[in-house]
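The chain contents come next:
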Amino acid sequence: MRTAVIVGTGLVGTSVALALRRRGVDTYLLDSDPTATRTAEALGAGRAREPSECADVAVLAVPPVQVAPVLADLQKRGTARFYTDVASVKCLPGQEVEALGCELTSFVGGHPLAGGERSGPLAARGDLFEGRPWVLVPSERTGDPALNCALELVSLCGATPVLLDAEAHDRAVALVSHVPHLVASLTAARLLEGSESALRLAGQGLRDVTRTAAGSPALWTDILSANAGPVAEVLEALAADALGVAEALRRVERQDGATGSGSAVLSELLQRGVDGRNGIPGKHGVPDAHFAAVEVSVGDSPGELARLFADAAKAGVNIEDIDMEHSSDRLMGRARLAVLPGRAAVLADELRLGGWTVRLADWPGGQGT
């Protein structure tokens, strides 16, 4: 791959361009918003113009409903030899691409599972896709050269290719991405009913649950609308679970806190939540539940984290993951360091020698000791 055209210079499109530039690919940037294109160009993502000759690949970083018309226009102009997209929904674009009569042998649907709450080219990173899954959805008419080109694109961006059909992809992302975003938004929206004093009680758990609710409403309206059926199915099942839990809580209330069928329903649901959470692959595909945690109180001042990591290095223990919890009222936070279970005590002892306040815990959460 020597040349690529990136159509759409938002977060994902600009990140693709930056990743390709790092690997020596000559990139060209197109966008209906000239400001976004100029910004991406200033970031070193490529040249803000069309290529003078047919490019090797065109990457369509546009909303799902725009994939088909943009593809048809690019193919009509002979912009590239092969084409792919990065839309987070695959059934609808695939149907519209075929309905418009696009040339399907040169097109491969795609979706990199990477992003962030911020949008636009200024949020882009050349390493955004490192180690992340990148789904490719070839149709029955996709040619081998087009698929090989898409695989090369994924490799150049540092991602891991995953081959799926469109329906399987859309059902999967409804479960692991689209509905979780809606739940985050629903939870965050309820906070509008809370008083200022209530919100001051918010901890890291609430911030974690609502983190993705900061995403662009316009972008997510497009995504959810394009995957409406699968999202509605998961959301309806979730709503049924929520109503069942609400009824169980009412039964507990009527029993004045006594144990009974309501408590059994709650316990079962909470255990299912633990089991589901533990099934999410973590680092190297190992569930996070296989890690232990060392919690450390950290002052909110320059150099504190650097000192913490320097002391941790003395223990010779690898830090598998980290998260931070900040205090809203004090210049203090808590760092939770994930390590292999057999190494937690070693790390804790070394940090205590360095004067740190340390507590052993489970990862994630847990009661700790």
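Residues numbered from 1 in each chain as written. Predicted model: local features only at pLDDT ≥ 70, side-chain atom pairs only at ≥ 80, totals over all residues. Heavy atoms only, no water.

**Student:** Residues and numbers for the confidence of the model for the chain, please.
**Tutor:** Per-residue confidence for the chain gives a mean pLDDT of 90; residues scoring 70 or more make up 94%. A low-confidence stretch, residues 365-369 (pLDDT under 50), is modelled with eight contacts involving residues beyond four sequence positions or located in other chains. (pLDDT = per-residue confidence, 0-100. Contact = heavy atoms within 4.5 Å.)

**Student:** I'd like a description of the sheet that holds strand 9 (residues 321-326), backed by residues and values.
**Tutor:** Pairing is antiparallel in the open sheet, where four strands are placed in the order 9-10-8-11. Two strands bound the open sheet, and with one partner strand each, they are strand 9 and strand 11 (358-362). Put simply, the sheet's adjacent strands are angled 25° from each other on average, direction ignored. Here strand 9 pairs with strand 10 (residues 332-339) via six bridges, running antiparallel. Paired with Asp-323 across the two strands is Arg-336, which belongs to strand 10. (Pairing = 2+ DSSP bridges. Helix = DSSP H or I, 4+ residues; strand = E, 2+ residues; numbered from the N terminus. Axes fitted to C-alpha atoms, helices over the stretch in contact; angles between N-to-C directions.)

**Student:** So what's going on with the sheet that holds strand 3 (residues 55-60)? Residues and values would help.
**Tutor:** An order of 2-1-3-4-5-6-7 is seen for the seven strands of this open sheet, with the pairing classed as mixed. Each of the sheet's edge strands pairs with one partner strand only, and the pair in question is strand 2 (26-30) and strand 7 (160-163). Direction aside, the axes of adjacent strands within the sheet are offset by 25° on average. Contacting strand 3, strand 4 (80-85), strand 5 (107-112), strand 6 (133-137) and strand 7, helix 5 (residues 144-156) runs over the sheet at an angle of about 170° to strand 6.

**Student:** Would you mind going over the packing of helix 6 (residues 166-190) against helix 10 (residues 228-254) in detail, with residue names and values included?
**Tutor:** In contact at an axis separation of 9 Å, helix 6 and helix 10 are set at 60° when each is read in the N-to-C sense. Between helix 6 and helix 10, the crossing angle belongs to the class labelled oblique. Viewed along their axes, helix 6 and helix 10 form a crossing whose handedness is right-handed. Side by side, helix 6 and helix 10 meet where Asp-170, Arg-171, Ala-174, Leu-175, His-178, Val-179, Leu-182 and Val-183 of the first sit next to Pro-230, Val-231, Glu-233, Val-234, Leu-235 and Leu-238 of the second. Within the contact of helix 6 with helix 10, the residues separate by chemical class into 10 nonpolar, one polar and three charged. (Parallel < 35°, antiparallel > 145°, perpendicular 65-115°, else oblique. Left-handed = near helix turned anticlockwise from the far one by under 90°. Nonpolar A, V, L, I, M, F, W, Y, C, P; charged D, E, K, R; others polar.)

**Student:** Describe the pattern of salt bridges, and please don't skip the residues or the numbers.
**Tutor:** Applying the stated rule across the entire model yields 18 salt bridges. One salt bridge in this structure joins Arg-81 and Asp-56, with 3.4 Å as the shortest N-O distance. With Arg-81 in strand 4 and Asp-56 in strand 3, this residue pair connects regions lying 25 residues apart in the sequence. Taking relative accessible area as the criterion, Asp-56 reaches 9% and is therefore assigned buried. Put simply, Asp-73 and Arg-77 hold a salt bridge, and the shortest N to O gap is 2.3 Å. With Asp-73 and Arg-77 both in helix 3 (residues 64-77) and four residues apart, the pair spans about one turn of that helix. For Asp-73, a relative accessible area of 34% corresponds to the partly exposed category. (Salt bridge = Lys/Arg side-chain N within 4 Å of Asp/Glu carboxyl O. Buried < 20%, exposed > 50% of the residue type's maximum accessible area, 1.4 Å probe, protein only.)

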